[in-house]
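Observations on the model geometry
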Amino acid sequence: MGNRVGIEVSLAIAEAAKLANVDVVAAYPITPQTHIVEHLAELVANGELDAQYIPVESEHSAMSACLGASAVGARTFTATAGQGLELMHEVLYVASSMRLPVVMAVANRALSAPLSVWGDHSDVMAVRDTGWIQIFVENGQEAVDNVLCAFRIAEDKRVLLPVMIHVDGFHLSHVIEPILFPEQGEVDQFLPPNQYPLPLDPSKPVTMGDFGPPIIYSEAKWAQEVNLRAAKEVILQVWNEFGRLFKRYYSPVESYHSEDADVLLLTMGSFSETASVTVDKMRAKGKSIGQIRLRLWRPFPFEEIRQAVENAKVLIVLDRALSFGGPGGPVCSEMRSALYAQDKKPKVVSFVGGLGGRDITVAGFEEIVNRGIEISQKGSKREFQIFGVRE
Amino acid sequence: MPKSESELTWKDLNIGLIVTEPGNARQYQTGYWRSQRPTYDFNRCIKCGICQLFCPEGCIGQNPEGYFEADLFYCKGCGICARECWTRVITMVDEEE
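Residues numbered from 1 in each chain as written. Chains lettered and ligands numbered in written order. Predicted model: local features only at pLDDT ≥ 70, side-chain atom pairs only at ≥ 80, totals over all residues.

**Concerning the domain arrangement of chain A**
Residues and elements named next belong to chain A. In plain terms, the rule: Where a domain begins and ends is set by an automatic assignment or by a domain database. A pair of residues counts as a contact when their C-beta atoms, built from backbone coordinates, are within 7 Å of each other. Helix and strand definitions follow DSSP, with helices as H or I runs of at least four residues and strands as E runs of at least two, each counted in order from the N terminus.
The domain architecture assigned to chain A consists of domain 1 (4-246) and domain 2 (254-386). For domain 1 versus domain 2, the separation of C-alpha centres amounts to 28 Å. Of the residues lining the interface, 27 residues belong to domain 1; the matching set on domain 2 comes to 19 residues. At the level of elements, α6 (122-126), β6 (133-136), β7 (163-168) and α9 (214-246) are the ones that each hand at least two residues to the side of domain 1 that touches domain 2. With five residues, α9 is the single largest residue contributor to the side of domain 1 that touches domain 2.

Next up, the structure:
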């Protein structure tokens, strides 16, 4: 087992990419992700990482260069955030549809306007349907571990899909945490070399990204969908193996004091740790409350999440993104869809908060829970509740 | 006997629809798109080949008698050959006729 070091989470993510021995990094700097690619550029320039670092003129080009690199079978990494992720948008679909195992860290950031470099999940939710595997992490250790797992998952021949690791901008990307880095030998054992089955190779030519007329497009899309859903089994296997080797275990849905709880609070990302403190505090006061953390956003873990919430009376979902003119929070919307046809299900209350870097404190989560319980009893005229807005 | 395009299921496809057989775009029958087809009065043809030069599909070649003629497997029926032919060999006719 390696050493525990104090390091900024962004730099730790870059170090994880180095441990994964990436071949190509094509990236464009954007707050709050910049430190990740800056550190990777440094590692390459100093000769500590034998990789091609491609400085590009935009995120659209960054992802496009990643596609080319991945297509020749190179292990490919990039990182972005907010507007950068949106500028990549169309290329994200190409990566997943061409089945190229690119790994990308996203330092989740709010979208303009007004210009905001601070964190929320607006950027993620806009790329929800791009066909990428999407994993949320809560702290620096989880970020490092899941970058390593991401390559293993993405490059598995049963998967061959790109993976996003979502790291909350600033709240997570810019904090200094004690991180346990595995030894290079351990990583090499866990992560075999990338062997893309049909790479671009002049001695054995292939055409990639060709056009698909109506006679074949539907079949191509269905193959992609079946594959993304089936990827869950591989994700579970990889997390289990990671746990066996490194003693840190991950699962698609994580529960905290939820087994006997009447009220459940569902969170994603770094705010989950704050919410856990609220759960401890409220349980100490005798409230029957627990917490569900959704780690695997895509493929959506329907069975696990249904099982996790079926015994609760109330489920309060916090979203850090707004679906304008729609149901409020995208995560809550999906939870309602997942539960609608179930016989046994909790009442679902939707909250949207923590937008554009606005913090939610332990007391804030307590207020969300109390208001949520009240709404579950009395109802509300609103589709969703907005938290922390001066009205 | 390989499956035709219309028989392929999603399970038959290569990952990411990767094409492993070079040059198989030849099998793509763009002639399906046509609503008009060229017809020829070769008595007027001087074998100049201007139709071949202008054909955007590149589907015009010389037949055994040396006359220039479109390959209807690929011809999309745009009619540029008929417009450019100065001896008026080519007449476009509707496909349903």
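**Topic: the nonpolar core**
Residue and element names in this part refer to chain A. Formally: Residues of type Ala, Val, Leu, Ile, Met, Phe, Trp, Tyr and Cys that are buried and joined through C-beta atoms within 7 Å form what is called a nonpolar core. Three exposure classes are used, all based on how many other C-beta atoms lie within 10 Å of a residue's own C-beta (placed from the backbone): buried at 20 or more, exposed at 12 or fewer, and partly exposed between those limits.
I13, V147, L148, V163, I165 and I316 are the most contacted members of the largest nonpolar core, which totals 119 residues. Considering every element that reaches this core, the biggest residue donor is helix α7 (residues 140-155), with nine residues. Summarising the domain contributions, this core has at least three residues from each of domain 1 (4-246) and domain 2 (254-386). Once residues lying within four places of it in the same chain are set aside, the contact partners of I165 are A105, V106, I135, V137, A143, N146, V147 and A150.

**Here we look at the interface of chain A and chain B**
How we decide: Residues are grouped as follows: Ala, Val, Leu, Ile, Met, Phe, Trp, Tyr, Cys and Pro are nonpolar; Asp, Glu, Lys and Arg are charged; all remaining types, including Gly, are polar.
Listed by partner, the interface residues are 19 residues for chain A and 14 residues for chain B. Here the side of chain A that touches chain B takes seven residues from α9(A), the largest share from any one element. Among the residues forming the side of chain A that touches chain B, the class breakdown is 13 nonpolar, three polar and three charged.

**Here we look at the sheet that holds β7(A)**
Residue and element names in this part refer to chain A. Threshold: By this definition, two strands are paired if DSSP reports at least two bridges between them. Each axis is a line fitted through C-alpha atoms, taken for helices only over the stretch in contact, and angles between the N-to-C directions span 0 to 180 degrees.
As summarised here, the arrangement of the seven strands in space is β3-β2-β4-β5-β7-β6-β12, forming an open sheet in which the pairing is mixed. A single partner strand is all that each edge strand has here, and the edge strands are β3 (52-55) and β12 (296-298). The sheet shows a mean angle of 20° between the axes of neighbouring strands, direction not considered. Across two bridges, the pairing between strand β2 (residues 24-27) and strand β4 (residues 76-80) is parallel. Each bridged residue has a counterpart across the sheet, and for V24 the counterpart in β4 is T76. Strands β2, β3 and β4 of the sheet are contacted by helix α3 (residues 59-71), whose axis makes an angle of about 165° with β4.

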